[in-house]
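Understanding the architecture of this molecule
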Amino acid sequence: MVVADAVDFGPGASELTSLESVEDEALLANTRIRYESGHIYTRSGRLLLAVNPYRALNELYSPARLQQYKDSLQPQAELPPHVYAVAASAYTGMLQNSHSQSVIISGESGAGKTETAKILLQYLAEVSSGSSNSDLHHRVIQTNPIMESFGCAKTVWNNNSSRFGKFLTLQFNSTGRMQGAYMKTYLLEKSRITSQLPGEQNYHVFYTVAAGLSAEKRAEWNIPPVEKLHYLNCTSSSVVWEQFPCDFKELSAAMSGIPPLLETQETCWRVLMAILHLGNATFKSASEEADAELADSSVVASAAKLLGCQPEQLEKAICSQNIKAGLDWIAKPNTTAYALNVRNALSKALYSRLFLFIVEAINSSLIFGGESRYFIGAVDIFGFECFPKNSLEQLCINFANEKLQRMFTEAVFESVIAEYKKEGIDVTDIKYEDNTQVVDLIENKESGVLPLLSEECFFPNGSDASYLSKLKQAHRKSDKFSEERMEPHAFTIEHYPGKVTYDSRGFLEKNKDPLSQDLTVLMQFSDDPFVADLFKEKAQPQIGGHGGARRFKSAKFVGVIDSFRTSLNELVKTLKETKTHFIRCVKPNMVKKPYTFIDDVMTRQLHSSGVVGAIKATRQGFPDHLKFEELLNRFRLVVPKGGNKSGVSGVKDLLLAANVDTSRYRCGKTKVFLGVGVLDALEKLRMDFIASKAVAMQVLARGYLSRKRVKQMLDERRRAEELKRLAEAKKREEEEAKRRAEEEAEREKLAAEESKKKEAEEQDRQKRFQRARQLSFERRAGRKKREEEE
């Protein structure tokens with residue numbers, strides 16, 4: 001367990017609800033002093049406020065710091081506010097409460113949402129890692145440079161702005177081990193592929209690949225320098241290569257870690273370079289109404305070569321269209337303006353389909369095929385946007401932010417206030433800002449801004465002008481909608497962060513997302529199987545699937561925004577079924593400079609993001625509420641002298657014993673409502689109690705294991721001694737047997753020698769006897785002879 005006193009919580013208040021005043025001056029002063037000291041995180045109840053430092057704070061994300069949050073039992077209470085603390089709370093909450101979690105990261109463009117999501121993922125990958133699936137964690141982390149390269153771009157507010165929405169889901173089993181991951185993407189900004197505002201850039205991957213390809217590939221594919229590629233909107237000096245999330249080598253390495261992308265990597269580069277070649281296709285006539293004729297056919301020929309189709313067929317599909325006249329088809333020349341739109345539509349279609357292929361490849365590599373017990377979802381969705389010119393993309397982006405803000409309001413305020421009323425708690429002093437009116441203005445089925453656009457696209461003669469006229473008629477009395485008399489094509493919506501003016505020109509075209517049938521067929525029959533597969537007709541999806549193709553079902557047009565709205569509603573539904581954690585990212589200035597804190601910029605964001613309202617409502621209310629029995633069952637054993645009563649009296653006795661002042665809680669009919677910090681304090685007592693009991697259990701367990709080990713050692717020693725004794729006895733027996741054998745052999749040897757000696761003596765005796773006999777015989781014979789002679 002981490003000792004809180006030894007941890008630097010930074011200057012000022014790390015918990016905003018503990019400030020004596022929540023007026024703007026006090027909040028700004030507290031946020032500024034923490035920002036300047038490098039403490040960019042501040043907590044407000046269940047919400048984490050993250051200020052973009054626009055500089056590297058490596059110590060804040062070091063392995064030692066991560067380990068500190070990983071080891072803590074109560075990081076939200078024991079350690080300074082941090083994304084790691086939010087991630088730890090989500091992870092432990094998932095395991096302790098057996099409930100899936102989600103983290104909603106929101107804020108304006110440039111506030112640091114993408115980096116915050118990466119930090120969150122870093123912690124979850126580390127805390128749930130294990131040797132058995134370390135490769136999975138590596139692949140999950142490796143998706144970051146891929147998705148940032150293909151989905152992020154430089155804008156006027158942000159050098160690495162996400163131009164799509166992402167909901168990353170990490171799948172876990174019951175023990176907290178990560179099993180898989182998958183992501184859903186929302187509304188890729190396709191208009192950026194063909195045009196960008198001054199000072200902005202296209203998607204990172206175009207620059208990374210165009211500059212990173214080998215000299216041989218650049219020559220083979222006829223790739224000019226980046227400053228001569230029209231879609232890239234840059235000069236050689238305007239590209240700051242250090243600001244890109246990765247270089248070509250790092251991107252290739254990351255894609256090589258995803259098996260489907262390893263096999264198709266070069267083909268992906270070919271498609272990207274084909275798009276850039278299309279961007280360089282210009283027309284001879286400057287008049288938009290003149291027949292389209294390419295100024296340089298070799299540019300389209302280079303694109304056709306990379307796309308696996310015939311150059312003349314691609315040029316014909318761009319400069320003309322086939323029209324059916326009776327039973328015949330005739331080629332009608334396109335105007336220059338129309339051909340330019342056709343060229344751009346093909347570029348958008350190629351990139352958006354390639355992007356979806358990348359996402360599907362990543363999902364197929366990471367997703368767990370079985371049934372996971374829980375998940376932790378991270379929402380990294382485009383921030384609120386207001387540019388000099390705003391179109392349908394910005395409307396959808398801001399609507400998504402309105403929906404998430406609405407969910408934040410419901411989670412923090414409405415649901416709690418409804419619970420107060422149900423339980424008989426006074427709520428007259430609790431006030432909050434609500435954006436329900438704006439959400440209804442945009443999505444109302446009868447007259448909403450988006451449903452009216454879908455309806456207008458259904459009519460053959462529908463136009464941007466008639467759509468805008470219907471909008472003005474439907475919402476002329478709304479105080480959140482206004483006309484722009486100086487700009488007849490525009491309308492203004494007052495969103496929660498402020499007013500945004502939208503240019504309605506091009507709304508219908510973008511919602512229809514058209515691609516000529518001639519180009520579609522040409523791509524479907526490409527000689528390159530990869531390109532052909534990108535344009536292959538997919539199974540008819542449910543409304544809300546990816547993409548923006550025209551679909552007709554029961555005579556109802558389904559456009560880009562219909563799919564987006566359905567996907568967004570599904571996302572909100574999924575989030576509501578989880579325990580939500582909120583991270584509000586804010587930026588200290590509008591010029592992306594470190595050590596620069598602008599009060600007006602921060603004040604606007606603190607109010608528009610709901611942080612100020614959340615702080616005030618939290619101070620007035622009681623954010624945590626538990627049923628009586630739940631509180632008693634969870635904390636009765638850990639609070640000394642907490643009593644044994646039940647119901648209201650038991651709860652009051654327990655909180656009194658825990659030294660909780662009566663002003664910091666309220667008892668309803670069936671639940672107790674706890675003020676800010678009370679539940680954290682009780683949970684800390686519980687964790688300390690569990691830790692102490694765990695230590696006691698460890699002492700007993702270790703004592704038992706030690707005694708068992710000593711007994712085993714003694715038994716082993718006795719067995720060893722017995723074995724040694726038996727071995728020695730056996731050795732003695734063997735030595736005795738050997739000695740006896742040697743003695744017996746000696747005796748036998750002596751006996752043999754004695755026998756041999758006796759035998760020799762006998763033989764000698766026999767020889768002497770024989771000799772004596774011989775001599776006796778000879779004497780007798782001689783005597784007889786002498787006698788005869790005589």
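Residues numbered from 1 in each chain as written. Predicted model: local features only at pLDDT ≥ 70, side-chain atom pairs only at ≥ 80, totals over all residues. Heavy atoms only, no water.

**A closer look at the nonpolar core**
Most often, soluble globular proteins have nonpolar side chains that are buried together. Ranked by size, the top nonpolar core spans 184 residues in total, and within it F150, W269 and L314 carry the most contacts. Here this core takes 15 residues from helix α13 (residues 336-366), the largest share from any one element. Among the nonpolar cores identified, the runner-up in size contains 18 residues, and L631, L632, V672 and L682 belong to it. (Core = buried A, V, L, I, M, F, W, Y, C linked by side-chain atoms within 4.5 Å. Buried < 20%, exposed > 50% of the residue type's maximum accessible area, 1.4 Å probe, protein only. Helix = DSSP H or I, 4+ residues; strand = E, 2+ residues; numbered from the N terminus.)

**Description of helix α17 (residues 464-474)**
All of the buried residues along α17 are Y467, L468, L471 and K472. Mapping the buried residues of α17 onto a view down its axis gives an arc of 135°, with all of them on the same face. Lining the buried residues of α17 we find α16 (449-458), β11 (481-483), β12 (490-494) and α18 (507-512). (Arc of directions from axis to C-beta. Contact = heavy atoms within 4.5 Å.)

**Digging into the sheet that holds β11**
Here three strands make up an open sheet; going across it, the order is β11-β12-β13 and the pairing antiparallel. Edge strands, defined here as strands with exactly one partner in the open sheet, are β11 and β13 (499-503). Averaged over all pairs of adjacent strands, the angle between their axes in this sheet comes to 25°, without regard to strand direction. As defined by bridge partners, β11 adjoins β12 across three bridges and the pair is classed as antiparallel. Residue pairing for β12: F481 is matched across the bridge by I493. (Pairing = 2+ DSSP bridges. Axes fitted to C-alpha atoms, helices over the stretch in contact; angles between N-to-C directions.)

**Quick notes on a positive patch on the surface**
Taken together, the side chains of R773, R779, R780, R783 and R786 make up a positively charged region of the molecular surface. Judged by relative accessible area, which is 46%, R780 ranks as partly exposed. (Patch = residues over 30% accessible without salt bridge, like charges linked within 9 Å, V, L, I, M, F, W, Y side chains within 5 Å. Areas by Shrake-Rupley, 256 points an atom, 1.4 Å probe, with all protein chains shown as cover. Salt bridge = Lys/Arg side-chain N within 4 Å of Asp/Glu carboxyl O. Lys, Arg positive; Asp, Glu negative; His and termini not counted. Charge placed at Lys NZ, Arg CZ, Asp CG, Glu CD.)

**Things to note about unusual backbone geometry**
Notably, S98 is not glycine yet its phi reads approximately 50°, a positive angle. Tracing the sequence through the fold places S98 in the loop between α4 (83-97) and β3 (101-107). Residue N233 is not a glycine yet carries a positive backbone phi of 50°. With respect to the secondary-structure elements, N233 resides in the loop between α8 (215-220) and α9 (248-256). You can call N233 partly exposed: its relative accessible area is 36%.

**Re the packing of aromatic side chains**
Per the counting criterion, the structure on display carries 17 aromatic pairs. Geometrically, the ring pair formed by Y35 and F597 is tilted, given 5.7 Å between the ring centres and 45° between the ring planes. Of this pair, Y35 sits in helix α1 (residues 24-36) while F597 is found in the loop between β16 (579-586) and α22 (599-608), placing the two residues 562 residues apart along the sequence. Taken individually, Y35 and F597 each receive the classification buried, so the pair is uniform in this respect. For the pair Y61 and Y84, a centre-to-centre distance of 6.3 Å together with 85° between the ring planes defines the contact as edge-to-face. Here Y84 lies in helix α4 and Y61 lies in the loop between β2 (47-51) and α2 (63-71), a separation of 23 residues in the sequence. Members of the aromatic cluster, each reached through a chain of ring pairs, are Y467, F481, F491, Y502 and F507. (Phe/Tyr/Trp six-rings, centres within 6.5 Å; stacked < 30°, edge-to-face > 60°.)

**Some points on the sheet that holds strand β18 (residues 665-667)**
The strand order across the open sheet formed by three strands is β17-β19-β18, and the pairing between neighbours is antiparallel. Every interior strand has two partners, whereas the edge strands, β17 (624-627) and β18, have only one. Neighbouring strand axes in the sheet, compared pairwise and without regard to direction, differ in orientation by 20° on average. Of the strand pairs in this sheet, β18 and strand β19 (residues 671-674) are connected by three bridges, and their pairing is antiparallel. Opposite C667, over in β19, you have V672 as the bridge partner. The strands that helix α25 (residues 647-657) touches are β18 and β19; relative to β18, the one it contacts most, it runs at about 165°.

**Quick notes on the environment of I362**
Structurally, I362 is set in helix α13. Sequence separation of I362 and H39 is 323 residues, and the distance between their C-alpha atoms is 35 Å. The contact partners of I362, leaving out residues within four places of it in the chain, are T143, I146, M147, M183, I258 and L261.

**A word on the side chain of N280**
Along the chain, the position of N280 falls in the loop between α10 (259-279) and α11 (297-307). Since its relative accessible area comes to 14%, N280 is described here as buried. There is a polar contact of 2.9 Å between the side chain of N280 and the backbone nitrogen of H230. Once residues lying within four places of it in the same chain are set aside, the contact partners of N280 are P224, K228, L229, H230 and V299. (Polar contact = N/O pair within 3.5 Å; in protein donor to acceptor, adjacent residues only side chain to side chain.)

**Regarding the packing of α16 against α17**
It is at 10 Å that the axes of α16 and α17 come closest, and there the two elements cross at 145°. For α16 against α17, the interelement crossing comes out right-handed. Each of V449, L452, L453, E455 and E456 in α16 lies in contact with α17, whose residues at this interface are S466, Y467, K470, L471 and A474. (Left-handed = near helix turned anticlockwise from the far one by under 90°.)

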